[in-house]
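Residues per chain, in single letters:
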Amino acid sequence: MAEAAFTKRVFSGIQPSGGLTLGNYLGAIKRFVDMQEDDYETIYCMVDLHAITVWQDPAELARNTRELCAGFIAAGIDPSKSILFNQSQVPEHTQLAWIFNTVARMGWLNRMTQFKDKAGKNRENASVGLFAYPALMAADILIYHATHVPVGEDQKQHLELTRDIAAKFNHDYGVDYFPITEPVIEGAATRVMSLRDGSKKMSKSDPSDMSRINMTDDADAIAQKIRKARTDPDALPSEVDGLSERAEARNLVNIYAALTDQSVEDVLRDVGGKQFSEFKPILSDLAVAKLSPISSEMARLMQDTAEIDRILHIGAEQAREIATPILSKTYDIVGMVR
Ligand code: TRP
């Protein structure tokens, strides 16, 4: 289908479920910032409606939504360049999601690994929203006719489902209306791993705070966590192949590469042969230099929540300008009388 018929439009979302980590920054937010510079129209969303598919304390949800917005802005998302808003302020997402609930098949959703992981053993007790989550995600993207969606590796399956929903809608209604979205999965640190176990993703829900770097950590905490990060006794290799069986070493090199906007090859050309006792302080200084301005700016922004709310409100209005006609046309296609 003719993607060229659409302007290049980027959409991505992050759940405001609290605890932003270095993984969110390098795997998502930093890339969102970079895309602002290209000739893309960029739309970034705090997906609060997705967050409540598992229980969220209301006061915490509100706080986390604002903190995520502060994190976006502190990291370099510019509300005059990007549309920045929280999902629940644009009801068109939910309206389109309902239509997509009728397009997506039970069998498709049953295969979603994120649902299986999050629902765990007690599937009967998972919310209906958790099951239908990917149809809402498809609506988030397609309500803007977004063509490019930067996400982490773990969201690939949901993006394939988004393409399936778009294709089936187009086919069932005999139209060429929703674009087939391109996933944008790239960059050394699309997956930042735990500092304690290189086989697990860095996560805000890991019981050990030493496993992650939080966006709100101060310089001492960052330095201590990198110093204590698990490694192996060998020196760093000079070639990428030398990292293949060394998950923890690879993770630290990936983080370094992402923070300096270099390829892993280039990093190893500089640091190959160094011991961790030498590399860790370099990485730690770099991480502190990159992250502490962001965390202090976040703290500053969080002191004026009225300003954050104002930014989100303006973003929501801009988003609705795009979403409203797309929903309206969708309703016409489906045969809704208004
Ligand atoms: N499911 C994504 C995640 O958990 C968040 C998300 C919701 C999203 N809607 C989206 C990402 C639309 C990209 C596009 O990370």
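Note that the structure is predicted; figures quoted are calculated from it, not measured.

A. Summary view of the side chain of H148. Topologically, H148 is positioned in strand β4 (residues 148-150). Among the polar contacts listed, one links the side chain of H148 to the side chain of T147, at a separation of 2.9 Å. In contact with H148, not counting residues within four places along its chain, are K8, R9, V10, F11, Y40, T181, E182 and V184.

B. Seen up close, the environment of L268. Within the secondary structure, L268 is located in helix α11 (residues 264-271). Sequence spacing of L268 and P237 is 31 residues, and the spatial spacing of their C-alpha atoms is 6.8 Å. With sequence-adjacent residues up to four places away left out, L268 is seen in contact with P237, S238, E239, V240, L243 and V253.

C. Unusual backbone geometry, seen in detail. Even without being glycine, H145 reaches a positive phi, approximately 50 degrees. Mapped onto the elements of the fold, H145 is located in the loop between α7 (128-142) and β4. By relative accessible area, which is 8% here, H145 ends up buried. Positioned with a positive phi, D261 is a non-glycine residue whose angle comes to about 55 degrees. Tracing the sequence through the fold places D261 in the loop between α10 (247-260) and α11. Note on D261: relative accessible area 55%, which makes it exposed.

D. Focus on the pattern of salt bridges. Counted under the stated rule, the structure contains 20 salt bridges. Of the charged contacts, one joins D309 and R66 as a salt bridge, the two residues approaching to 2.7 Å between their closest N and O atoms. With a gap of 243 residues between them, D309 in helix α13 (residues 305-334) and R66 in helix α3 (residues 58-75) connect regions that are remote in the sequence. The class of R66 is partly exposed, set by a relative accessible area of 26%. Between R300 and E297 there is a salt bridge; the shortest N-O distance is 3.0 Å. Here E297 and R300 lie together in helix α12 (residues 276-302), a separation of three residues that amounts to about one turn. Looking at R300, the relative accessible area reads 49%, which means it is partly exposed. Owing to a relative accessible area of 26%, E297 belongs among the partly exposed residues under this scheme. Among the charged side chains, a network of salt bridges with common partners joins D209, R212, D217 and K225.

E. A look at helix α4 (residues 92-103). If you check α4, its first and last C-alpha atoms are 17 Å apart, about what 12 residues at 1.5 Å a residue would give, namely 16 Å. Those residues of α4 that sit buried are E92, H93, L96, A97, I99, F100 and V103. In an axial view of α4, the angular spread of the buried residues amounts to 165 degrees, which keeps them on one side of the axis.

F. Representation of the site of the ligand in the model. The ligand sits among 13 residues. The nearest are Q15, Y133, M137, D140 and Q155. For the ligand, an oxygen atom lies 3.3 Å from a polar atom in the side chain of Q15. Q155 is positioned such that a nitrogen or oxygen atom in its side chain is 2.9 Å from a nitrogen atom of the ligand. Here the ligand loses 90% of its free accessible area of 360 Å² to cover by the protein chains. Listing elements by their share of the shell around the ligand, those giving two or more residues are β1 (9-14) and α7.

G. Quick peek at the confidence of the model for the protein. With 96% of its residues at a pLDDT of 70 or more, the protein shows a mean pLDDT of 94. Low pLDDT, under 50, characterises residues 1-6; the stretch is placed with 13 contacts to residues that sit more than four places away or in other chains.

H. Molecular detail of the nonpolar core. With 59 residues, the main nonpolar core has Y25, F72 and L84 as its most contacted residues. At 11 residues, α12 tops the list of elements feeding residues into this core.

Parameters and conventions
- Residues numbered from 1 in each chain as written.
- Predicted model: local features only at pLDDT ≥ 70, side-chain atom pairs only at ≥ 80, totals over all residues.
- Heavy atoms only, no water.
- Helix = DSSP H or I, 4+ residues; strand = E, 2+ residues; numbered from the N terminus.
- Polar contact = N/O pair within 3.5 Å; in protein donor to acceptor, adjacent residues only side chain to side chain.
- Contact = heavy atoms within 4.5 Å.
- Buried < 20%, exposed > 50% of the residue type's maximum accessible area, 1.4 Å probe, protein only.
- Salt bridge = Lys/Arg side-chain N within 4 Å of Asp/Glu carboxyl O.
- Expected span 1.5 Å × (residues − 1).
- Arc of directions from axis to C-beta.
- Near = heavy atom within 4 Å.
- Areas by Shrake-Rupley, 256 points an atom, 1.4 Å probe, with all protein chains shown as cover.
- pLDDT = per-residue confidence, 0-100.
- Core = buried A, V, L, I, M, F, W, Y, C linked by side-chain atoms within 4.5 Å.

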